[in-house]
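# Reading the structure
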Amino acid sequence: MTDRSAAAGSGIPHAEALVTFAEAVVGGDELQVATARQVLLDAVGPEALVDAAAVAANFERMDRIADATGIPLDAPMDLLTADLRSELGIDSFASSVNSPASGALKRALAPLLRPLGLRVLKIVARRIARQNAS
Amino acid sequence: MSAFDYTGVPVPIPEDIADAHRRFWERLASQGCWWTGAERVAIAAEVRRAADCALCRERKSALSPETPPGEHDRAGDLLPDAAVDAIHRVTTDPGRLSKSWYEKTQAAGLGDAHYVELIGILVALVSVDGFHRGLGISLEPLPEPVPGEPSRYRPAGARMEQAWVPMIAKPSGDEADLWKGITGNVIRALSLVPDAVRQLKELSTVHYVAVEKVADPSAGRTLSRAQMELIAGRVSALNECFY
């Protein structure tokens, strides 16, 4: 999420408080973290606050793994998000050089393929859930 | 008192999180594949020191992550310079790492497997400390190292692909438990040191969702999956993570 102002219009409950908390955890000082934590606690309660801290911690980890090992974007994600990455400015991140650049064709195909990709994702998720259950 | 005793913390910390943190602490103190327990704890100490490193602060705001020249504020002398630089750079400025920088660490004598194990320790500690920081909990004192020699285990199936480090494409034999079928590059990234992947999976399960359930949009916690992804997306954007 490159534009924090999009949080308000996302329709996600307590988006503003969640985003402010995430920002404080990544780059804020102790006072900013404490303030954001209290606002989020009041909004979502203690269990969800713990979830928020855990998720932020998780992505502090995953981002560094990706950036420190130079992995390219996974092929399906590369194909399905080519136009969005350009639109959101993600293609200008330094670590974008680790993935092949998206051409005009890929950017044009991405919005057409995305609905299909999401359907495939759901099928894969169901299949994995069945595998785990058996 | 045992490590990660969350009694008295004003919010309820699930026991599975406490257990995963304790297991990481035990592994941190013990020998790994390429570093001794003392070196692994020294890596953790260096991660914490990086937050207050004057050089890292200056470089973070500089146009180039390589300038100004200088020396990092080190936590100790046990680790080679290339390891210290890698720890400080990955901790404080991960979005501007480059292949040429990685190759310099290799030319300076830090082996690829040493590097991958170091990253595995670093990212686990960053997340555990980040969790504490987010909730206003004091950082856990680092564990006492346990004596022992590294195993020097290198999985036969690890190969160079597009990433900077060798990775396993399809785990088998002793690595068969790492993942089933196809998985994301971010899971494979640390597979040159299989225990680093096991560590990652354990922490991801308690901090986010199990690796096997990431593709399932219904997998969530008290927060909805949409709320979780909002946090994930904002953290990743601030870290300028393309992946």
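Refer to the structure above for everything that follows.
Remember, it's a predicted structure, so these values are computed and weren't measured experimentally.

### What about the interface of chain B and chain A?
- Contact with chain B, which involves 65 residues of that partner, is made by 64 residues of chain A.
- At the boundary of chain B and chain A, one finds 2 salt bridges.
- Linking Asp51 of chain A and Arg221 of chain B is a salt bridge whose minimum nitrogen-to-oxygen distance equals 3.3 Å.
- Contributions of two or more residues to the side of chain B that touches chain A are made by α4 (81-92), α6 (112-135), α7 (185-188), α8 (194-207) and α9 (225-238) of chain B.

### A few points about helix α1 (residues 15-27) of chain A
- Here α1 of chain A contains 13 residues, and its C-alpha end-to-end distance of 18 Å stays within 8% of the 18 Å for a straight helix at 1.5 Å per residue.
- Those residues of α1 of chain A that fall on the buried side of the exposure criterion are Ala15, Ala17, Leu18, Val19, Phe21, Ala22, Ala24 and Val25 of chain A.
- Lining the buried residues of α1 of chain A we find α2 (30-44) and α3 (46-69) of chain A together with α6 and α9 of chain B.

### A word on the state of the cysteines
Residue and element names in this part refer to chain B.
- By the definition in use, this model includes 0 disulfides over all chains.
- Unpaired in terms of disulfides, Cys53 finds its nearest cysteine sulfur in Cys56, a separation of 3.7 Å.
- On the basis of relative accessibility, which here comes to 1%, the residue Cys53 falls in the buried class.
- Cys241 forms no disulfide, and the closest cysteine sulfur to it belongs to Cys56, at a distance of 19 Å.

### A look at the layout of surface pockets
- Approximately 1,200 Å³ is the volume found for the second largest pocket.
- Lining the second largest pocket are 39 residues, and of these Val25, Val26 and Glu60 of chain A together with Ala51 and Arg133 of chain B sit closest to its centre.
- At 5 residues, the largest contribution of residues to the lining of the second largest pocket is made by α6 of chain B.
- Of the residues belonging to the lining of the second largest pocket, the class tally is 15 nonpolar, 9 polar and 15 charged.

### Some thoughts on the nonpolar core
- With 103 residues, the main nonpolar core has Ile13, Tyr115, Leu118, Phe131, Leu135 and Ile231 of chain B as its most contacted residues.
- Filtering out sequence-adjacent residues up to four positions away, Ile13 of chain B remains in contact with Val50 of chain A together with Tyr6, Phe131, Leu135 and Ile137 of chain B.

### Observations concerning the packing of aromatic side chains
- On inspection of all chains with the given rule, the structure shows 7 aromatic pairs over all chains.
- Ring geometry for Phe59 of chain A versus Tyr208 of chain B: centroids 4.9 Å apart, planes at 90 degrees, classification edge-to-face. With one member in each of two chains, Phe59 of chain A in helix α3 and Tyr208 of chain B in the loop between α8 and α9 form a pair that bridges those chains. Tyr208 of chain B carries the same exposure label as Phe59 of chain A, and that label is buried.
- Considering the side-chain rings of Phe24 of chain B and Trp25 of chain B, the 5.6 Å spacing of their centres and the 70 degrees angle between planes classify their relative orientation as edge-to-face. Accessibility assignment for this pair places Phe24 of chain B and Trp25 of chain B in one class, buried.
- Here a set of aromatic residues connected by ring pairs shows up, and it is made of Phe4, Tyr6, Phe24 and Trp25 of chain B.

### Structural notes on a nonpolar patch on the surface
- Taken together, the side chains of Leu105, Leu109 and Leu112 of chain A make up a nonpolar region of the molecular surface, amounting to roughly 330 Å² of accessible area.
- Classification of Leu112 of chain A as exposed rests on a relative accessible area of 64%.

### Brief notes about helix α1 (residues 15-29) of chain B
- With 15 residues, α1 of chain B extends 21 Å from end C-alpha to end C-alpha; this agrees with the ideal 21 Å at 1.5 Å per step.
- Inspection of α1 of chain B places Ile17, Ala18, Ala20, His21, Phe24, Trp25, Leu28 and Ala29 of chain B among the buried residues, and these make up the whole buried set.
- Here the buried face of α1 of chain B lies against α3 of chain A together with α2 (37-50), α6 and α8 of chain B.

### Description of the pattern of salt bridges
- One pass over the structure, following the stated rule, counts 26 salt bridges over all chains.
- Linking Arg234 of chain B and Glu23 of chain A is a salt bridge whose minimum nitrogen-to-oxygen distance equals 2.8 Å. With Arg234 of chain B in helix α9 and Glu23 of chain A in helix α1, this pair bridges two chains.
- Of the charged contacts in the structure, one is a salt bridge between Arg198 of chain B and Asp195 of chain B, with a shortest N-O distance of 2.7 Å.

### Section: the packing of α1 of chain B against α2 of chain B
Residue and element names in this part refer to chain B.
- One way to put it is that α1 packs onto α2 with a least axis distance of 7 Å and a crossing angle of 120 degrees. Classified by the angle between their axes, α1 and α2 sit oblique to one another. Between α1 and α2, the contacting residues are Trp25, Arg27, Leu28 and Ala29 on the first element and Gly37, Arg40, Val41, Ala44 and Arg48 on the second.
- Across the contact of α1 with α2, the residue classes break down as 5 nonpolar, 1 polar and 3 charged.

### Some details on the environment of Ala108 of chain B
- Mapped onto the elements of the fold, Ala108 of chain B is located in the loop between α5 (99-107) and α6.
- Expressed as a C-alpha distance, the spacing of Ala108 of chain B and Ala83 of chain B, which sit 25 residues apart in the sequence, is 9.3 Å.

Rules and cut-offs
- Residues numbered from 1 in each chain as written.
- Chains lettered and ligands numbered in written order.
- Predicted model: local features only at pLDDT ≥ 70, side-chain atom pairs only at ≥ 80, totals over all residues.
- Heavy atoms only, no water.
- Contact = heavy atoms within 4.5 Å.
- Salt bridge = Lys/Arg side-chain N within 4 Å of Asp/Glu carboxyl O.
- Helix = DSSP H or I, 4+ residues; strand = E, 2+ residues; numbered from the N terminus.
- Expected span 1.5 Å × (residues − 1).
- Buried < 20%, exposed > 50% of the residue type's maximum accessible area, 1.4 Å probe, protein only.
- Disulfide = S-S within 2.5 Å.
- 1 Å grid on protein atoms, 1.4 Å probe; cavity = no way out; pocket = protein on both sides within 12 Å on 5 of 7 lines; lining within 4 Å.
- Points joined across faces, edges and corners; volume = space filled by probe spheres on them.
- Nonpolar A, V, L, I, M, F, W, Y, C, P; charged D, E, K, R; others polar.
- Core = buried A, V, L, I, M, F, W, Y, C linked by side-chain atoms within 4.5 Å.
- Phe/Tyr/Trp six-rings, centres within 6.5 Å; stacked < 30°, edge-to-face > 60°.
- Patch = residues over 30% accessible without salt bridge, like charges linked within 9 Å, V, L, I, M, F, W, Y side chains within 5 Å.
- Areas by Shrake-Rupley, 256 points an atom, 1.4 Å probe, with all protein chains shown as cover.
- Axes fitted to C-alpha atoms, helices over the stretch in contact; angles between N-to-C directions.
- Parallel < 35°, antiparallel > 145°, perpendicular 65-115°, else oblique.

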